[in-house]
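Residues per chain are reported as follows:
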Amino acid sequence: MERKVRVVRVESWSEIPEVLEPGVYIVNGERHTIRARVLKEDLLKALRRAAKKGIRV
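Because the structure is predicted, anything quoted here is derived from the model rather than measured.

Peer 1: So what exactly am I meant to see when it comes to the pattern of salt bridges here?
Peer 2: Counting across every chain of the model gives 3 salt bridges. Residues Lys-40 and Glu-18 are paired through a salt bridge, measuring 3.5 Å at the closest nitrogen-oxygen approach. Residue Lys-40 is found in helix H1 (residues 40–52), and its partner Glu-18 is found in the loop between strand E1 (7–10) and strand E2 (19–20); the two are separated by 22 residues along the sequence. Between Glu-21 and Arg-37 there is a salt bridge; the shortest N-O distance is 3.2 Å. Note that Glu-21 is positioned in the loop between E2 and strand E3 (23–27) and Arg-37 in the loop between strand E4 (30–34) and strand E5 (38–39), a separation of 16 residues in sequence.

Peer 1: Explain unusual backbone geometry here, please?
Peer 2: One can expect most non-glycine residues to show negative phi and most peptide bonds to be in trans. In this model, Asn-28 sits at a positive phi of 55 degrees, which is unusual for a non-glycine residue. Here Asn-28 is to be found in the loop between E3 and E4. The exposure class of Asn-28 is exposed, given its relative accessible area of 51%.

Peer 1: How should I be thinking about the nonpolar core in this particular structure?
Peer 2: In a soluble, globular protein the nonpolar side chains are often hidden away together inside. Core analysis: the biggest nonpolar cluster contains 9 residues, these being Val-8, Val-10, Ile-16, Leu-20, Tyr-25, Val-27, Ile-34, Leu-43 and Leu-47. Where this core is concerned, the elements lending two or more residues are E1, E3 and H1.

Peer 1: Help me understand H1, please; the structure alone is not making it clear to me.
Peer 2: In an α-helix, one full turn covers 3.6 residues, which means residues spaced three or four apart are oriented alike. The end-to-end C-alpha distance of H1 is 18 Å, a good match for the 18 Å that 13 residues give at a rise of 1.5 Å each. Residues Lys-40, Leu-43, Leu-44, Leu-47 and Ala-50 constitute the buried set of H1. The buried residues of H1 occupy one face: seen down the axis, they fall within an arc of 125 degrees. Exposed and oriented more than 90 degrees from the buried face of H1 are Arg-48, Arg-49 and Lys-52. Where the residues of H1 are buried, they touch E2, E4 and E5.

Calculation rules
Residues numbered from 1 in each chain as written. Predicted model: local features only at pLDDT ≥ 70, side-chain atom pairs only at ≥ 80, totals over all residues. Heavy atoms only, no water. Salt bridge = Lys/Arg side-chain N within 4 Å of Asp/Glu carboxyl O. Helix = DSSP H or I, 4+ residues; strand = E, 2+ residues; numbered from the N terminus. Buried < 20%, exposed > 50% of the residue type's maximum accessible area, 1.4 Å probe, protein only. Core = buried A, V, L, I, M, F, W, Y, C linked by side-chain atoms within 4.5 Å. Expected span 1.5 Å × (residues − 1). Arc of directions from axis to C-beta. Contact = heavy atoms within 4.5 Å.

That is the geometry; function is a separate question.
Okay, here's the thing in structure tokens:
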């Protein structure tokens, strides 16, 4: 059985809601797959930490 995946395309992070539901978010051409409900602030912190360590997410 196929599950429909929510795809959201935006130009910047400011257009993303404060709480991200599971789905695919394409921000500035970068694709981010969210599997569980997460706060935008927490996601951005994790992405910054990964970038500092040189990890490509």
